[in-house]
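Structural description and commentary
The primary structure of each chain is shown beneath.
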Amino acid sequence: MNLPATRQDQNYLFDTQSISAWGLLRLREQLENGLPLTPRPYLALAERTGLTEQQVMQAVSQWQQQGLIKRLGLVVKHRTLGYRANAMAVWNVSDERVSELGKALAASPVVTLCYQRPRRLPDWPYNLFCMIHGIDRNRVQSQLEQLVLEHGLEGIPHAVLFSNKAYLQRGGRYVSDR
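Residues numbered from 1 in each chain as written. Predicted model: local features only at pLDDT ≥ 70, side-chain atom pairs only at ≥ 80, totals over all residues. Heavy atoms only, no water.

**Points about the packing of helix 1 (residues 21-31) against helix 2 (residues 41-49)**
Put simply, the rule is: Axis definition: a line fit to C-alpha positions, over the contact stretch in the case of helices; interaxial angles, taken between N-to-C directions, run 0 to 180 degrees. Every helix listed is a DSSP run of H or I at least four residues long, and every strand listed is a run of E at least two residues long, numbered separately from the N terminus. In what follows, roughly perpendicular refers to angles from 65 to 115 degrees, roughly parallel to angles under 35, roughly antiparallel to angles over 145, and oblique to any angle outside these ranges. Put simply, a crossing is left-handed when the front helix is turned counterclockwise from the back one by less than a right angle, and right-handed when it is turned clockwise. By the convention used here, residues are in contact when the closest approach between their heavy atoms is within 4.5 Å. Each residue receives one of three labels: charged for Asp, Glu, Lys and Arg, nonpolar for Ala, Val, Leu, Ile, Met, Phe, Trp, Tyr, Cys and Pro, and polar for the others, Gly being one of them.
At a minimum axis separation of 9 Å, helix 1 and helix 2 run at an interaxial angle of 125°. Here helix 1 is positioned oblique relative to helix 2, judged by the angle of their axes. Of the two possible hands of crossing, helix 1 and helix 2 adopt the one that is right-handed. Counted together, Gly23, Arg26, Leu27, Gln30 and Leu31 of helix 1 and Leu45, Arg48 and Thr49 of helix 2 form the full contact between these two elements. In the contact of helix 1 with helix 2, the residues fall into three nonpolar, three polar and two charged.

**Description of the pattern of salt bridges**
Opposite charge on two side chains permits them to pair, given that their charged atoms come into close proximity. Stated precisely, the cut-off is as follows: In the sections that follow, a salt bridge refers to a side-chain nitrogen of Lys or Arg positioned within 4 Å of a carboxyl oxygen of Asp or Glu.
On inspection of all chains with the given rule, the structure shows two salt bridges. Among the ionic pairs, Arg40 bridges to Glu53, the shortest N-O distance being 2.3 Å. One end of the pair, Arg40, is in the loop between helix 1 and helix 2; the other, Glu53, is in helix 3 (residues 53-66), with 13 residues separating them in the sequence. Among the ionic pairs, Arg119 bridges to Asp95, the shortest N-O distance being 2.8 Å. Of the two residues, Arg119 is situated in the loop between strand 2 (113-116) and strand 3 (128-134) and Asp95 in the loop between strand 1 (85-91) and helix 4 (98-106); the sequence distance between them amounts to 24 residues.

**Quick notes on the nonpolar core**
The cut-off we apply is this: The nonpolar core is taken to be a set of buried Ala, Val, Leu, Ile, Met, Phe, Trp, Tyr and Cys residues, with the residues joined through side-chain atoms within 4.5 Å. Only protein chains enter the accessibility calculation, which uses a 1.4 Å probe; a residue is then buried when its area is under 20% of its type maximum, exposed when over 50%, and partly exposed in between.
Formed by 19 residues in total, the largest nonpolar core has its most connected members in Trp91 and Leu105. Secondary-structure elements contributing two or more residues to this core are strand 1, helix 4, strand 3 and helix 5 (137-150).

Put into structure tokens, the structure is as follows:
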């Protein structure tokens, strides 16, 4: 049976003499399923992987520092919660104003996601993306109209794209390709 390579360079991975390489591999696999919904998720992961709670916390922290884990976040199944009208408003904002406006829109309680992306000219002139999840389409459109008024967006070209399908939402894949 082949074992994962052991490296003594602490800056690269781990000293697998003191931390089980197989436990670390199992931890990466368990992280694909998300953190357990428990008051002590790292303890639950430790019990599942044969590591200690401290080793789990150390591994996750080190993997984040190394860039192996880009971020830990929450995946909300919004349709399960009754939010069925989901709109992405896209804006063609001047480059000088996009950062300021993006921060302002992101601070709105109705905005669930706001980010900047490069334009893809000539077909796609939009560079600011703003997501709103709502219970119904009329409510979302009303919230968008309010954002336009509050932030002086009346003259800025935009489009509103409502989703009609829920795609698979999941976290990162580290070990398996399922």
